[in-house]
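The primary structure of each chain is shown beneath.
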Amino acid sequence: MEEFYRIRRLPPYVFEQVNRAKAAARNAGADIIDMGMGNPDLPTPPHVIEKLKETLGKPRTDRYSASRGITGLRKAQAAYYQRRFGVKLNPETQIVATLGSKEGFANVAQAITSPGDVVLVPNPSYPIHAFGFLMAGGVVRSVPAEPTPQLFDALERAIVHSIPKPIAMIACYPSNPTAYVATLDFYKDLVAFAKKHEIFILSDLAYAELYFDGNPPPSVLQVPGAMDVTVEFTSMSKTFSMAGWRMGFAVGNERIIAALARVKSYLDYGAFTPVQVAATAALNGPQDCISEMRETYHKRRDTLVESFGRAGWVIPPPSASMFAWAPLPEKFRDVGSMQFATLMVEKSGVVVSPGVAFGEHGEGYVRIAMVENEQRIRQAARNIRRFLDTGVETLHNVVPLATRR
């Protein structure tokens, strides 16, 4: 029987091969060190948990909530943008609470995309950036992910050669998976480009608070006039270790925010009210938990780079995000990222994400999530060293990438 239309537009789930290897190894009793998924392992701050407990069972909190987010939560997000970026937002017209930034991206695609509309998406990039628009009937055109002058050359070519003209472009800095960071000067050029060509910017700022060089990543909305063409998505998943709570935001251009709010009004009644109240407490309460979280990831980053380096795998140190974007070890360059990641599980018990999962230009890399403590990272390095020392020539059934058909 023929696949449904939207399902046909989605590629096979690229993590499935690695997941099968992981399940098989666990079933065989292996100790798996999972650095594949960006799933924070740190605890949610205690004052946020306490506010959730305090709110549970109170009158009216078990009822349907507000689809666009309760008023206090939207005000708290506006206050965060004011103190962090110096950006003033109207909580009534320029902020919508989302069920995580991923849901926000998917639904904004539904809100603004007509069949055949073209969207410019970095490659490699977080999958929802492309597949949200594919599911909405749009067409994706890939552009480079790194924030350099070459990106603008590619954007100009895409504008000229795309029919119809693109409606929007995605920006994601600090980037998932590459950990690239953009400067405010880059954003100024990006906003000027968007205004010149009359397209929207959809910015993913999920890792705004995860940086290691003492230089906080900016928001594109800091650029004067950016609000005319930009909506930005943030998440509480990483900043407050609240991934399972599913709490995020879309902020910015009133026209897009209104369209997103309307689509969401047909699809959900918002997050559970106690979750929204606790999220408000996170944004309004003490922020030292963010510094502590940042320092933990910083130490993990340094441990990863140092211990994997001693194991024979040079990892470029990311300046932001919770990921390292690592080129395949030299011995395994011809194997390809999918097979390398599968071999890593089978031979070392360490899970990483194949770069090709984030787009064809991710081939030759893997993404390593820093979601294990320092002791486990060092254990992973010891396991990897034994694996790398074996060499690809000793492994059976390994087909070099260049010879596959």
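Residues numbered from 1 in each chain as written. Predicted model: local features only at pLDDT ≥ 70, side-chain atom pairs only at ≥ 80, totals over all residues. Heavy atoms only, no water.

### Description of unusual backbone geometry
Note the cis peptide between Asn123 and Pro124, where omega equals 10°. Its place among the elements puts Pro124 in the loop between strand S3 (118-122) and helix H6 (127-135). Backbone torsion omega between Asn176 and Pro177 reads 25°, so that peptide bond is classified as cis. For Pro177, the location among the structural elements is in the loop between strand S5 (168-172) and helix H8 (184-197). Its identity as a non-glycine residue notwithstanding, Ala179 has a phi of 70°, on the positive side. Note on placement: Ala179 falls in the loop between S5 and H8. Phi is positive for Glu198, which is not a glycine, with a value near 55°. Considering the arrangement of structural elements, one finds Glu198 in the loop between H8 and strand S6 (200-204). Judged by relative accessible area, which is 66%, Glu198 ranks as exposed. (Helix = DSSP H or I, 4+ residues; strand = E, 2+ residues; numbered from the N terminus. Buried < 20%, exposed > 50% of the residue type's maximum accessible area, 1.4 Å probe, protein only.)

### So, the environment of Leu304
By the secondary structure assignment, Leu304 is in helix H12 (residues 288-310). For the pair Leu304 and Pro316, spaced 12 residues apart in sequence, the C-alpha separation works out to 10.0 Å. Every residue in contact with Leu304, bar those within four places of it in the chain, is listed here: Met35, Gly309, Ile315, Ala324, Ile368, Met370 and Ile377. (Contact = heavy atoms within 4.5 Å.)

### Some thoughts on the pairing of S5
Within S5, five of the five residues are buried, leaving the element largely enclosed by the surrounding structure. Strand direction decides the pairing type here: S3 and S5, joined by two bridges, are parallel. Bridge pairing links Leu120 to Met169 in S5. Where S5 lies against S6, five bridges are found, and the strand directions are parallel. Across the sheet, residue Met169 finds its bridge partner in S6, namely Ile201. (Pairing = 2+ DSSP bridges.)

### Quick look at the sheet that holds strand S12 (residues 365-369)
Here we have three strands laid out as an open sheet, ordered S9-S12-S11, and antiparallel in their pairing. Unpaired on one side and paired on the other, strand S9 (323-327) and strand S11 (353-354) mark the two borders of the sheet.

### Notes on the layout of surface pockets
Reported here for the second largest pocket is a volume of approximately 230 Å³. If you trace the second largest pocket, you find 15 residues lining it, with Pro43, Pro45, Cys289, Glu292 and Met293 closest to the centre. Residue contributions to the lining of the second largest pocket peak at five residues, all from H12. (1 Å grid on protein atoms, 1.4 Å probe; cavity = no way out; pocket = protein on both sides within 12 Å on 5 of 7 lines; lining within 4 Å. Points joined across faces, edges and corners; volume = space filled by probe spheres on them.)

### A short note on the side chain of Ser175
Mapped onto the secondary structure, Ser175 falls in the loop between S5 and H8. Judged by its relative accessible area of 4%, Ser175 falls in the buried class. Within polar-contact distance, the side chain of Ser175 engages the side chain of Thr178 at 2.8 Å. In this structure, Ser175 is in contact with Tyr180 and Ser321, ignoring residues within four places of it in sequence. (Polar contact = N/O pair within 3.5 Å; in protein donor to acceptor, adjacent residues only side chain to side chain.)

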